[in-house]
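Secondary and tertiary structure notes
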Amino acid sequence: LERYDREFAFRLKVADSAVRGTRPPIVEPVYLGTECDLCDWYPVCEPQLENDASTAFSSWRPSTREWLALRRLGVRTVDQLARLSPTEAFWDRYMAEVGKAHRARFRLTEGIEKAAMVMRGVQLEVLPGTDPAPPAADVEVDFDMENDASGHVYLWGARVSTNQDESTATYRSFVRWDVMTDETERAVAQEFKNWLLAEHQKAAAAGRSFAAFHHSGIELRKIRDILDTDPSDLPVTFVDTCAYAVRTYRSVGGHGLKFLARAAGFEWRDEDPSGLSSLEWLSRSQDTSDEVEQNKLRRRILEYNEDDTAATAALRDFGSKSTRRLR
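Nothing here was measured: the structure is a model prediction, and the numbers come from that model. (Residues numbered from 1 in each chain as written. Predicted model: local features only at pLDDT ≥ 70, side-chain atom pairs only at ≥ 80, totals over all residues. Heavy atoms only, no water.)

**What about unusual backbone geometry?**
Note on backbone geometry: most residues besides glycine have negative phi, and most peptide bonds are trans. Condition: The helix count covers DSSP runs of H or I at least four residues long, the strand count covers runs of E at least two residues long, and both are numbered beginning at the N terminus.
Residue Arg23 is joined to Pro24 through a cis peptide bond whose omega torsion reads -5°. Positionally, Pro24 belongs in the loop between helix 1 (2-20) and helix 2 (34-37). One non-glycine residue, Ser216, adopts positive backbone phi at about 85°. Along the chain, Ser216 falls in the loop between strand 5 (210-214) and helix 9 (218-227). Despite not being glycine, Asp228 has its phi angle at roughly 55°, a positive value. Within the secondary structure, Asp228 is located in the loop between helix 9 and strand 6 (237-240).

Right under this line is the structure:
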């Protein structure tokens, strides 16, 4: 209770100082990503954060305490962070400020590297000593799923290409548009699984290698949960392109598919491509009685899903081109 009273009194002091226009202010803003982006008062802070290191990149999100430690040690801008070459004396002072923060030394080292990328105008770079060549196969399936607001997967989309030839790529969807139940979710997932196994068998019969690519582990978890099937028991080789990217690239914006694919030169057709948006499109398509509008929304979902599958292929293609450049 004493700590609460002290902290709350400090906040009242900060508010009173702001009202009075005290200079210099008692506190200065620190950018905290989504928390700031969703704050109605961010326009007040934004001018003070111009070129502040805390706004430079999203994939290394330090704590407020870590940012304040850097400021106390004279590191305020992206340029200063990029040029920082910590001595042991600096590390001693920094660690004394941040305490026993988990992996604090590693986190700051990563932050310095990423700040240097920002200053060079680079979003994605190959990690030192890493071969960016992505896994590949004669027949490649990039797949992605979409779920509704209740968590039921209503759509599995797959993009098939052969011999790394984009001109051969075709898209296939397995979908239910009505409100989902456990039974319909299993049915559509089973259709996708049966199709995938048939494609694998067809490739094997032709003497071709086969691999299925997904970004992050959610698709395999859904197969396991919905069908009570361990994907590792299937004859298909599954490759997580997110895990591949984490091993291969340093990224100023993290390793989510949207950022990585765009950094690799890919762009979605939709003006607002996101899983959250697709939930809204699905809900509207189920609520409307206008058949034209319904078909428009469904087509928008399918195109978004198709672009997601094409994005994983684009990321792998970027890796192949990077390999050729390095050689």
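**Details of the packing of aromatic side chains**
Condition: Between rings of Phe, Tyr and Trp, where Trp is taken as its six-membered ring, a pair exists when centres lie within 6.5 Å; planes separated by under 30 degrees are stacked, by over 60 edge-to-face, and by other angles tilted. To sort residues, take the accessible area from a 1.4 Å probe on protein chains only and compare it with the maximum for the residue type: under 20% means buried, over 50% means exposed, and anything in between is partly exposed.
Throughout the structure, instances matching the rule amount to 16 aromatic pairs. Between Tyr4 and Phe8 the ring centres are 5.8 Å apart and the planes differ by 20°, which places this aromatic pair in the stacked class. A residue pair is termed a helical-turn pair when its members lie 3 or 4 positions apart in one helix, as Tyr4 and Phe8 do in helix 1 at four residues. The class for Tyr4 is exposed, based on a relative accessible area of 54%. Here Phe8 falls in the partly exposed class, since its relative accessible area comes to 42%. Ring centres of Phe90 and Trp91 lie 6.4 Å apart, and the angle between their planes is 80°; on these two criteria the pair is classed as edge-to-face.

**Observations concerning the nonpolar core**
The test is simple: Put simply, buried Ala, Val, Leu, Ile, Met, Phe, Trp, Tyr and Cys residues joined by side-chain atoms within 4.5 Å make one nonpolar core. Contact criterion: two residues are considered in contact whenever any of their non-hydrogen atoms come within 4.5 Å of each other.
In terms of nonpolar packing, the biggest core is built from 40 residues, with Val141, Phe143, Trp156, Phe192, Trp195, Leu196 and Phe238 touching the most fellow members. Those elements giving two or more residues to this core turn out to be strand 2 (139-147), strand 3 (153-162), helix 8 (182-205), strand 5, helix 9, helix 11 (257-263), helix 12 (275-287) and helix 13 (291-326). Among residues more than four places away in sequence, those in contact with Phe238 are Phe143, Leu196, Ala212, His214, Leu220 and Pro231. Among the nonpolar cores identified, the runner-up in size contains 23 residues, and Val30, Ala104, Leu108 and Met117 belong to it.

**A short note on a nonpolar patch on the surface**
Convention followed: To count toward a patch, a residue needs a relative accessible area above 30% and no salt bridge. Like charges then connect within 9 Å, nonpolar side chains (Val, Leu, Ile, Met, Phe, Trp, Tyr) within 5 Å. Here the accessible surface of atoms and residues is derived via Shrake-Rupley with a 1.4 Å probe, and residues count as covered only by protein chains that are part of the display. For this document, the term salt bridge refers to a Lys or Arg side-chain nitrogen within 4 Å of an Asp or Glu carboxyl oxygen.
Together, Tyr4, Phe8 and Leu12 give the surface a local cluster of nonpolar side chains, amounting to about 350 Å² of exposed area. When you line up the elements, Leu12 lands in helix 1.

**Some points on helix 10 (residues 241-248)**
Under the convention used in this document: In this description, the arc belongs to the directions extending from the helix axis to the C-beta atoms. Think of a polar contact as two N or O atoms within 3.5 Å of one another; within protein, one of them needs to be a possible hydrogen donor and the other a possible acceptor, and neighboring residues in sequence only count if both atoms come from side chains.
Three or more residues of helix 10 are buried, namely Thr241, Cys242, Tyr244, Ala245 and Thr248. Buried residues along helix 10 cover an arc of 160° about the axis, so they all sit on one side. Where helix 10 begins, the side chain of Asp240 points an oxygen toward the backbone nitrogen of Cys242, at a separation of 2.9 Å.

**With respect to the packing of helix 4 (residues 64-72) against helix 6 (residues 88-98)**
As a reminder of what qualifies: To get an axis, a line is fitted to the C-alpha atoms, and for a helix only the part in contact is used. The angle between two axes follows their N-to-C directions and goes from 0 to 180 degrees. With respect to orientation, any angle under 35 degrees is reported as roughly parallel, any angle over 145 as roughly antiparallel, any angle of 65 to 115 as roughly perpendicular, and every other angle as oblique. What makes a crossing left-handed is the near helix being turned counterclockwise from the far one by less than a right angle; a clockwise turn instead makes it right-handed.
Look at helix 4 against helix 6: their axes get within 9 Å of each other, and the N-to-C directions meet at 140°. Here helix 6 runs oblique to helix 4, going by the angle between their axes. Seen from above, helix 4 lies across helix 6 with right-handed handedness. Only Phe90, Arg93, Tyr94, Glu97 and Val98 of helix 6 make contact with helix 4, whose side of the interface consists of Arg65, Glu66, Ala69, Leu70 and Arg72.

**Some words on the pattern of salt bridges**
Inspection of the entire model under this criterion finds 25 salt bridges. Between Glu125 and Arg120 there is a salt bridge whose closest N-O contact spans 2.5 Å. Arg284 is paired through a salt bridge with Glu293; the nearest N and O atoms lie 3.3 Å apart. Residues participating in the shared-partner salt-bridge network are Glu110, Glu113, Lys114, Arg120, Glu125 and Arg250.

**What about the side chain of Ser251?**
Secondary-structure assignment places Ser251 in strand 7 (residues 249-251). A distance of 3.1 Å separates a polar side-chain atom of Ser251 from the backbone nitrogen of Gly253. Within the structure, Ser251 has its side chain in polar contact with the backbone oxygen of Gly254 (distance 2.5 Å).

**Examining helix 6**
Within helix 6, the full set of buried residues consists of Phe90, Trp91, Tyr94 and Val98. All buried residues of helix 6 lie within an arc of 95° about the axis, which places them on one face of the element. The exposed set on the far side of helix 6, more than 90 degrees from its buried face, consists of Asp92, Arg93 and Ala96. Residues of helix 6 that are buried in the fold lie against helix 4 and helix 7 (104-120). One or two residues past the end of helix 6 sits Gly99, with phi positive at roughly 70°.

**As for the environment of Pro62**
Mapped onto the elements, Pro62 comes out in the loop between helix 3 (42-45) and helix 4. A C-alpha to C-alpha distance of 16 Å links Pro62 and Glu28, two positions 34 residues apart in sequence. The residues touching Pro62, leaving out its near neighbours within four places in the chain, are Trp67 and Arg107.

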